[in-house]
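Coordinates in review
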Amino acid sequence: MSKDLTPKQNAILGSIGSTIEVFIQHPLVVWKNMLQSGKILSRNPTHYYRGVLTNGFSMFPLTATQFAGTGYLSNKLSNNSYIKSEYNQQILASTTTGFLSGIIATPAETIIVQKQEVKGNFIQISKNIIKKHGIKKLYRGFIPCSSRESLYTCGLLTLSPLIENSMVNKYKLFEKKNIYSSMSASIISGLFSGLVTQPFDTIKTHMQANLHNTNNICLLYTSPSPRDGLLSRMP
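Another point: the overall build of the chain. Helix and strand content of the chain: eight helices and zero strands. Order of helices (α) and strands (β) in the chain, N terminus to C terminus: α-α-α-α-α-α-α-α. Residues counted as buried form 43% of the 235 residues belonging to the chain. Contacts in the chain between residues at least 24 apart in sequence constitute 70% of all its contacts with a sequence separation of at least 6. Split by element, the accessible area of the chain, about 13400 Å² in all, is 65% carbon and sulfur.

Structure (structure tokens):
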């Protein structure tokens, strides 16, 4: 994301990049979901691409919202007399936009998680969830999902540029910003963001995989049962 670009340009660039990313890493997402929900891993390679289209179609508006929203809020906050630090403005803008993007991410990921067990397309699975559990279940895990997106967006759009600027200013290896400094900063911020967001993602996936379970977030995390508790799901 760049403050030099318009919200529309940021949205287009972010959406294209994230959609390409989906088709590369979707098997890893399925693998992660199966481990987090305690399911048996399939030996069928095609199983790991179940829900890829749903993931791709949801990622386009999701990332567009995160990139365009963060750019828009950052520009608005730049004129705010209470928050003078540019990085504080970026943090507030990215975390706020990331949290709101959970409105898009939650139902899409509920369907993706359910698709690992239930055959059918996006519409069929949506109807099945609404018929059996009610429309509210599409948003099961909204709080942990939005919390994850909030932290992830902050890491992607705020932490990564901050790390790159620090690397360029402090280390002779990076005399100026280039593809190597950008890649290095992205890897570092990505690893950190993944570590911080993992607990929220685990809770979200477990809640969405067990739509019949009415336990709240705290009970899901602290339950001593190997089946219901999330302490055993953490890496």
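What follows is about the packing of helix 4 (residues 102-115) against helix 7 (residues 179-209). Contact geometry of helix 4 with helix 7 gives a least axis separation of 9 Å together with a crossing angle of 65°. In this structure, the crossing between helix 4 and helix 7 has a hand that is right-handed. Here T106, E109, T110, V113 and Q114 of helix 4 lie close against helix 7, whose contacting residues are K204, T205, Q208 and A209. Here the contact of helix 4 with helix 7 is composed, by residue class, of two nonpolar, five polar and two charged.

Relative to the elements of secondary structure, M167 occurs in helix 6 (residues 142-170). For the pair M167 and K177, spaced ten residues apart in sequence, the C-alpha to C-alpha distance is 9.0 Å. Ignoring anything within four residues of it in the chain, the contact list for M167 reads F174, S181, S184, A185 and I188.

Before going further, it helps to spend a moment on the side chain of T153. By secondary structure assignment, the location of T153 is in helix 6. The buried category is assigned to T153, whose relative accessible area is 0%. Here the side chain of T153 touches Q66 through a polar contact of 3.3 Å, side chain to side chain. Residue contacts for T153: discarding those within four places in its chain leaves Q66, T70, S94, G98 and T158.

With 15 residues, helix 3 (residues 86-100) extends 21 Å from end C-alpha to end C-alpha; this agrees with the ideal 21 Å at 1.5 Å per step. Buried within helix 3 we find Q89, Q90, A93, S94, T97 and G98. In an axial view of helix 3, the angular spread of the buried residues amounts to 145°, which keeps them on one side of the axis.

Relative to the helices and strands, D201 resides in helix 7. Setting aside residues no more than four positions away along its own chain, D201 makes contact with K32, Q36 and R148.

Inspection of the entire model under this criterion finds two aromatic pairs. Note on F99 and F142: the rings are 6.0 Å apart at their centroids and 75° apart in plane angle, and the pair reads as edge-to-face. With F99 in helix 3 and F142 in helix 6, the pair connects residues that are 43 residues apart, well separated along the chain. Taking relative accessible area as the criterion, F99 reaches 31% and is therefore assigned partly exposed. Assessed through its relative accessible area of 24%, F142 is described here as partly exposed. Among the aromatic residues, those joined into a ring-pair cluster are F99, Y139 and F142.

Each value, and the rule that gives it
Residues numbered from 1 in each chain as written. Predicted model: local features only at pLDDT ≥ 70, side-chain atom pairs only at ≥ 80, totals over all residues. Heavy atoms only, no water. Helix = DSSP H or I, 4+ residues; strand = E, 2+ residues; numbered from the N terminus. Buried < 20%, exposed > 50% of the residue type's maximum accessible area, 1.4 Å probe, protein only. Contact = heavy atoms within 4.5 Å. Areas by Shrake-Rupley, 256 points an atom, 1.4 Å probe, with all protein chains shown as cover. Axes fitted to C-alpha atoms, helices over the stretch in contact; angles between N-to-C directions. Left-handed = near helix turned anticlockwise from the far one by under 90°. Nonpolar A, V, L, I, M, F, W, Y, C, P; charged D, E, K, R; others polar. Polar contact = N/O pair within 3.5 Å; in protein donor to acceptor, adjacent residues only side chain to side chain. Expected span 1.5 Å × (residues − 1). Arc of directions from axis to C-beta. Phe/Tyr/Trp six-rings, centres within 6.5 Å; stacked < 30°, edge-to-face > 60°.

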